[in-house]
Amino acid sequence: MAAQVEGPFNYTATGVLGDQRNSMLQNELHLRDKVGHIKSRGYQLPMQSFVYGLPNEKREYSAADALASWKLSHYSLNSDPALRGWTGNYLPKGGASKTKAASERDFMTMNKAAVADGLVTTEETNDYRATHDIRRSPWNRKELSGKMRSRRLPPTMVFGIPSRPSTPIYEVIEHKYQDQWMKERQNLLSNKRAEEVKRRVMSAPVAGRSNGIVYETRASLLRTYQNPVDPAPLWQLPRFTKSAKAQIQSFRTNVDKSASFNYLKTDRVGRQGDFGIGIYEKPKN
């Protein structure tokens, strides 16, 4: 029996006898799993000598170098924008110029340059300032006088965020907000009634405006009367309108239902609201 020669296409969808294309070895849909091996994803891996991970970069200086000596050869004066263009001018023998037109010395930039050269003590810094000179760019005092002037605040000004007022719990317990709303509602209704009476008086003939009472006649009532129209019923499927009936009845008989609705109509007289379902009104004298 001849031994089967294993090749890269033995574990593909087509096998050895089907079409063999190199793209099948990189397509996960064409690959088949090997028994006892991990699942292949069809990606090409680098050579065995390839090392995965990030290389460890060797640092040029360490903490021991910083404590033992000042190795600042990598620091350049041109790297600082404040030191660009300075070529290390030394002071003349007579010292710095004391004329009014001369600009002021830039001590901050000189301190940076002294530290960069390894001078940290007070004596070394003073010697560095005596032998080096860095000037600030000239500026107009009149132009910057208005910008540098700070805004004056009143002495009684209080800074911070105002405290949140406490919750009026006593007003909530005593239902003061409810009483206030009821008073506003009553005032609104009384104003509406007064406006309605005024409108009816103004629409009446001039002869009947003296006493403020408008008498309605049969002709005026018939002109303003509107015949009640039943609202259109909601749309339903024909099979529900003909054969289907309600399965739940709130009233046992139709007599109880009509009596309940009659009692509801009479009970609306003493209640507030447009539909007569609010709280009971107080008796009025």
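Thresholds, definitions, all that
Every residue gets a number counted from 1 within its own chain, in the order that chain's sequence is written. Reporting in this predicted model follows two pLDDT cut-offs: at least 70 for local features of residues, and 80 or more for side-chain atom pairs to be given and counted; totals over whole chains, interfaces and linings ignore these cut-offs and use all residues. Values reported for side chains reflect all heavy atoms of the structure, with hydrogen atoms and water molecules removed beforehand. Secondary structure elements are taken from DSSP: a helix is a run of H or I of four residues or more, a strand is a run of E of two residues or more, and numbering for both begins at the N terminus. Buried means the residue's accessible area, taken with a 1.4 Å probe over protein chains only, is under 20% of the maximum for its type, while exposed means over 50%, and partly exposed covers the values in between. Contacts between residues were defined by any pair of non-hydrogen atoms, one from each residue, lying within 4.5 Å. In short, Shrake-Rupley with a 1.4 Å probe defines the accessible areas, and a residue's cover is counted only from the protein chains shown. Think of a 1 Å grid over the protein atoms and nothing else: a 1.4 Å probe that fits but is trapped marks a cavity, an open set flanked by protein within 12 Å on at least five of seven lines marks a pocket, and residues with an atom within 4 Å of a point count as lining. Grid points are joined across faces, edges and corners, and a volume is the space filled by probe spheres set on the points. The quantity called pLDDT is the predictor's confidence in a given residue, expressed from 0 to 100. By convention in these notes, a salt bridge is any Lys or Arg side-chain nitrogen within 4 Å of a carboxyl oxygen on Asp or Glu.

Engineer: Any chance you could explain the overall build of the chain here in plain terms?
Structural biologist: Across its full length, the chain holds 9 helices and 0 strands. Mapped from its N terminus to its C terminus, the chain presents α and β elements in the order α-α-α-α-α-α-α-α-α. Within the span of the chain, comprising 285 residues, buried residues form 11% of the whole. A sequence separation of at least 24 residues applies to 36% of the contacts in the chain between residues at least 6 apart. Element-wise, carbon and sulfur atoms account for 56% of the exposed surface of the chain, whose accessible area totals about 27,300 Å².

Engineer: I would appreciate a short explanation of the layout of surface pockets in the present structure.
Structural biologist: Where empty space is left becomes clear once a probe the size of a water molecule has been rolled over the atoms. Here the largest pocket defines a volume of roughly 540 Å³. Around the largest pocket, the lining comprises 19 residues; the ones closest to its centre are Leu-31, Lys-34, Ser-40, Arg-41 and Gly-42.

Engineer: I tried to follow unusual backbone geometry on my own but got confused; where do I start?
Structural biologist: Note on backbone geometry: most residues besides glycine have negative phi, and most peptide bonds are trans. Within the chain, His-175 stands out as a residue other than glycine whose phi angle is a positive 60°. Considering the arrangement of structural elements, one finds His-175 in the loop between α5 (169-173) and α6 (176-203). Among the residues examined, His-175 registers a relative accessible area of 47% and is labelled partly exposed.

Engineer: Mind showing me how you'd approach the confidence of the model for the chain here?
Structural biologist: Caution applies to low-pLDDT parts of the model: their predicted coordinates are not meant to be read in detail. Averaged over all residues, the pLDDT of the chain equals 76, while 73% of them reach at least 70. Model confidence for the chain, summarised as mean pLDDT per element, is weakest for helix α4 (residues 141-148) at 57 and strongest for helix α9 (residues 254-267) at 91. For residues 73-101, every residue scores under 50 in pLDDT, and the model assigns this stretch 36 contacts once sequence neighbours within four places are set aside.

Engineer: Would you explain the pattern of salt bridges in this entry?
Structural biologist: A side chain of one charge can pair with a side chain of the opposite charge if their charged atoms are brought near each other. Per the counting criterion, the structure on display carries 5 salt bridges. In this structure, Arg-136 and Glu-104 form a salt bridge, with 3.9 Å as the shortest nitrogen-oxygen distance. Remark: Glu-104 occurs in the loop between α1 (63-68) and α2 (107-116) and Arg-136 occurs in the loop between α3 (122-131) and α4; sequence separation between them is 32 residues. Residue Lys-176 is joined to Glu-174 by a salt bridge in which the shortest nitrogen-to-oxygen separation is 3.6 Å. The class of Lys-176 is partly exposed, set by a relative accessible area of 42%. Given the relative accessible area of 47%, Glu-174 is considered partly exposed.

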